[in-house]
Amino acid sequence: METVTLTKLYEVLAQKIGRSEAECLTHYVDVKVKTELCNKLEILATKEDIHALRNEMKDNIISMQKWMLGTFITLVVMILGLYAAILLKP
């Protein structure tokens with residue numbers, strides 16, 4: 001694929017439609033490309049965004065691990081209580 005610079009585009013258009021129209025058209029293309037690029041850059045994630053997301057995920061994983069440990073300990077205590085109730089029943 002051949003890359004076309006604004007200068008090449010201007011030269012080709014200047015021969016076909018005239019210099020002032022070619023200049024206006026190349027200026028429009030340049031502005032349009034810059035605008036689209038700025039719009040796309042706003043959507044993309046930056047390194048800071050990714051770093052913040054990783055830290056948030058770490059915090060969520062630690063929180064889940066705490067809940068799982070608490071639930072496990074609670075279940076163990078409940079099972080031991082049931083065994084104790086069965087064994088100590090007169």
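Let us look at the structure shown here.

The rules behind each value
- Residues numbered from 1 in each chain as written.
- Predicted model: local features only at pLDDT ≥ 70, side-chain atom pairs only at ≥ 80, totals over all residues.
- Heavy atoms only, no water.
- Helix = DSSP H or I, 4+ residues; strand = E, 2+ residues; numbered from the N terminus.
- Rg over C-alpha atoms; globule rule 2.2 N^0.38 Å.
- Buried < 20%, exposed > 50% of the residue type's maximum accessible area, 1.4 Å probe, protein only.
- Lys, Arg positive; Asp, Glu negative; His and termini not counted.
- Charge placed at Lys NZ, Arg CZ, Asp CG, Glu CD.
- Expected span 1.5 Å × (residues − 1).
- Contact = heavy atoms within 4.5 Å.
- Salt bridge = Lys/Arg side-chain N within 4 Å of Asp/Glu carboxyl O.

Counting its secondary structure elements, the chain contains three helices and zero strands. Relative to the globule expectation of 12 Å for 90 residues, the C-alpha radius of gyration of the chain, 34 Å, shows a markedly less compact shape. Here the C-alpha coordinates of the chain stretch approximately 110 × 25 × 15 Å along the principal axes. Here the chain holds 90 residues, and 4% of them are scored as buried. Computed over 11 positive and 11 negative side-chain charges, the inter-centroid distance for the chain is 10 Å.

All right, on to the environment of I50 then. Position of I50 among the secondary structure elements: in helix α3 (residues 47-87). Measuring from C-alpha to C-alpha, the distance between I50 and W67 comes to 26 Å, with 17 residues separating the pair along the chain.

It is worth spelling out helix α1 (residues 6-17) at this point. Structurally, the α-helix is built with 3.6 residues per turn, so residues lying three or four positions apart point the same way. Helix length check: α1, at 12 residues, gives a terminal C-alpha distance of 15 Å against a target of 16 Å (1.5 Å per residue), a fit within 8%. Just beyond α1, the residue with positive phi is G18, at close to 110 degrees.

With that settled, the discussion passes to the environment of T26. Along the chain, the position of T26 falls in helix α2 (residues 19-43). On the basis of relative accessibility, which here comes to 10%, the residue T26 falls in the buried class. A sequence separation of 21 residues divides T26 from T5, and the C-alpha atoms of the two residues are 9.8 Å apart. T26 has contacts with L6, L9, Y10 and L13, leaving out every residue within four places of it along the chain.

In this section: the pattern of salt bridges. The full count for this structure, using the stated rule, is one salt bridge. The salt bridge partner of K34 is D30, with a shortest N-O separation of 3.7 Å. On the criterion of helical spacing, the pair formed by K34 and D30 is a turn pair, its members being four residues apart in helix α2. Taking relative accessible area as the criterion, D30 reaches 25% and is therefore assigned partly exposed.

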